[in-house]
Amino acid sequence: MLDVVLDTLVDGVKLLPFLFLTYLAMEYIEHKTTAKTKNTIKKSGKLGPLVGGILGAFPQCGFSTAGSNLYAGRVITLGTLISIYLSTSDEMLPVFLSEKVPMTTILSMIAVKAVIGMVAGFIIDFVIRIRKSSQEQDFTSKIGHMCDHDHCHCDKSIVKSALNHTLTIFAFILVISFLLNTAVFFVGEDSIAGIILDRPVLGSILSGIVGLIPNCAASVVITQLYVEGVISIGATMSGLLVGAGAGLIVLFKENRDIKENIKIVALLYAIGVACGIIIDFIL
């Protein structure tokens, strides 16, 4: 067990500089583009799912929360909201970069998430238009704060904000890595991997449930499990597609129709899990 603790600490400390530099770059981009991305997606109209899928793929603080606020104010369509949720990567990118995952793998997963988000978004909007719902969309802006400190921990100092993100995710990684290393020590890596890897459908279902956790811990857990080879690519995509970060918290806070919110979560989960199962069978 002493070796497990030491290995966890050593591996974790090695990630710190990569995590900090990644978050520093992300914070800089976020502070420079937040207003522009909000205005872009507000003006996107019927192309909302396309714009949402592209912008959601960029790792920006609180982008999914911005999408929830925009939808609550009926500035964007349901398809655009789902597109943003599905394409949002949350903590996937910094963890992948810190673990030195090949860039081709990272870009491929981001692209697949963005494409799935766009396609799903367009289909949803098309179905809604065909059905001519009795409750028409009200596109009058009722937007509140787009970047709330309670949701994305934005700070005037990008260095301080990057450091806060780094330490938070570092702590998550240490805990998850310790649990994984302990499980491997007592059970064995092959036995653990077999629990999910040999059951692709179950793996995607379980990963999707983890993805619903409205916290960055969810994407950290899923990404780390993938890096450790414990879950398949399909199960990984299921969790990451479903994972919308704090966006779901803001949705339930700002959109007062609870039944609608539950349907949105169910739709998000169904799309994510279905795509993960398909990916596993294809690959």
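## Things to note about the overall build of the chain
Then step 1. Broken down by element type, the chain carries 14 helices and zero strands.
Then step 2. Counting from the amino terminus, the chain carries its helices and strands in the arrangement α-α-α-α-α-α-α-α-α-α-α-α-α-α.
Then step 3. Out of the 283 residues belonging to the chain, those deemed buried represent 50%.
Then step 4. Looking at the chain alone, contacts between residues at least 24 apart form 83% of all its contacts between residues at least 6 apart.
Then step 5. In the form shown here, the chain has an accessible surface area of approximately 13,900 Å², with 68% of it arising from carbon and sulfur atoms.

## As for the packing of aromatic side chains
Then step 1. In total, this model carries one aromatic pair according to the counting rule given.
Then step 2. The positively charged end of Arg 74 is found above the aromatic ring belonging to Tyr 71, 4.5 Å away from the centroid.

## Regarding a nonpolar patch on the surface
Then step 1. Together, Val 115, Val 119, Ile 123, Phe 126, Val 127 and Ile 130 make up an exposed nonpolar region whose accessible area comes to about 550 Å².
Then step 2. Along the polypeptide, Ile 130 turns up in helix α6 (residues 103-131).
Then step 3. Ile 130 sits in the exposed class, given a relative accessible area of 56%.

## Brief notes about helix α2 (residues 48-56)
Then step 1. Counted residue by residue, α2 has seven buried out of nine residues, so it is predominantly covered.
Then step 2. All of the buried residues along α2 are Gly 48, Pro 49, Val 51, Gly 52, Gly 53, Leu 55 and Gly 56.

## With respect to the environment of Thr 88
Then step 1. As for its position among the elements, Thr 88 is in the loop between α4 (78-87) and α5 (92-98).
Then step 2. The class for Thr 88 is buried, based on a relative accessible area of 9%.
Then step 3. Distance in space between the C-alpha atoms of Thr 88 and Gly 52 is 9.3 Å, their sequence separation being 36 residues.
Then step 4. Not counting residues up to four positions away in its chain, the partners in contact with Thr 88 are Gly 56, Ser 64, Lys 113, Leu 240 and Gly 243.

## Comments concerning unusual backbone geometry
Then step 1. With phi around 60°, Lys 100 is a residue other than glycine that occupies positive phi space.
Then step 2. Within the secondary structure, Lys 100 is located in the loop between α5 and α6.

## Side note on the side chain of Ser 232
Then step 1. Looking at where Ser 232 falls in the secondary structure, it is placed in the loop between α11 (216-227) and α12 (233-242).
Then step 2. Assessed through its relative accessible area of 13%, Ser 232 is described here as buried.

## Section: the nonpolar core
Then step 1. Judged by nonpolar contacts, the single largest core of 43 residues is most densely connected at Leu 81, Ile 82, Tyr 85, Leu 86, Ile 264 and Ile 271.
Then step 2. Element by element, the count of residues in this core is highest for α6, at eight residues.
Then step 3. Contacts of Ile 264, omitting those with residues within four sequence positions, involve Tyr 71, Leu 78, Leu 81, Ile 82, Tyr 85 and Leu 251.

## Observations regarding the confidence of the model for the chain
Then step 1. Scored by pLDDT, the chain has a mean of 77; 70% of the residues are at 70 or more.
Then step 2. Highest mean pLDDT in the chain belongs to helix α14 (residues 258-282) (95); lowest belongs to helix α7 (residues 149-152) (44).
Then step 3. Segment residues 134-151: pLDDT under 50, and 39 contacts once partners within four positions in sequence are set aside and those in other chains are kept.

## Here we look at the packing of α2 against α4
Then step 1. With their axes 8 Å apart at the nearest point, α2 and α4 run at an angle of 20° to one another. Between α2 and α4, the angle is such that the two are roughly parallel. Taken as a pair, α2 and α4 cross one another with a handedness that is right-handed. Facing α2, whose interface residues are Gly 48, Pro 49, Gly 52, Gly 53 and Gly 56, α4 presents Gly 79, Thr 80, Ser 83, Ile 84 and Ser 87.
Then step 2. Classifying every residue of the contact of α2 with α4 by side-chain character gives two nonpolar, eight polar and no charged.

## Some remarks on the side chain of Ser 204
Then step 1. Here Ser 204 shows up in helix α10 (residues 200-211).
Then step 2. Apart from the residues lying within four places of it in its own chain, the contact partners of Ser 204 are Gly 234, Ala 235, Ser 238, Val 273, Gly 276, Ile 277 and Asp 280.

Cut-offs and rules
Residues numbered from 1 in each chain as written. Predicted model: local features only at pLDDT ≥ 70, side-chain atom pairs only at ≥ 80, totals over all residues. Heavy atoms only, no water. Helix = DSSP H or I, 4+ residues; strand = E, 2+ residues; numbered from the N terminus. Buried < 20%, exposed > 50% of the residue type's maximum accessible area, 1.4 Å probe, protein only. Contact = heavy atoms within 4.5 Å. Areas by Shrake-Rupley, 256 points an atom, 1.4 Å probe, with all protein chains shown as cover. Phe/Tyr/Trp six-rings, centres within 6.5 Å; stacked < 30°, edge-to-face > 60°. Lys NZ or Arg CZ within 6 Å of the ring centre and 35° of its normal. Patch = residues over 30% accessible without salt bridge, like charges linked within 9 Å, V, L, I, M, F, W, Y side chains within 5 Å. Salt bridge = Lys/Arg side-chain N within 4 Å of Asp/Glu carboxyl O. Core = buried A, V, L, I, M, F, W, Y, C linked by side-chain atoms within 4.5 Å. pLDDT = per-residue confidence, 0-100. Axes fitted to C-alpha atoms, helices over the stretch in contact; angles between N-to-C directions. Parallel < 35°, antiparallel > 145°, perpendicular 65-115°, else oblique. Left-handed = near helix turned anticlockwise from the far one by under 90°. Nonpolar A, V, L, I, M, F, W, Y, C, P; charged D, E, K, R; others polar.

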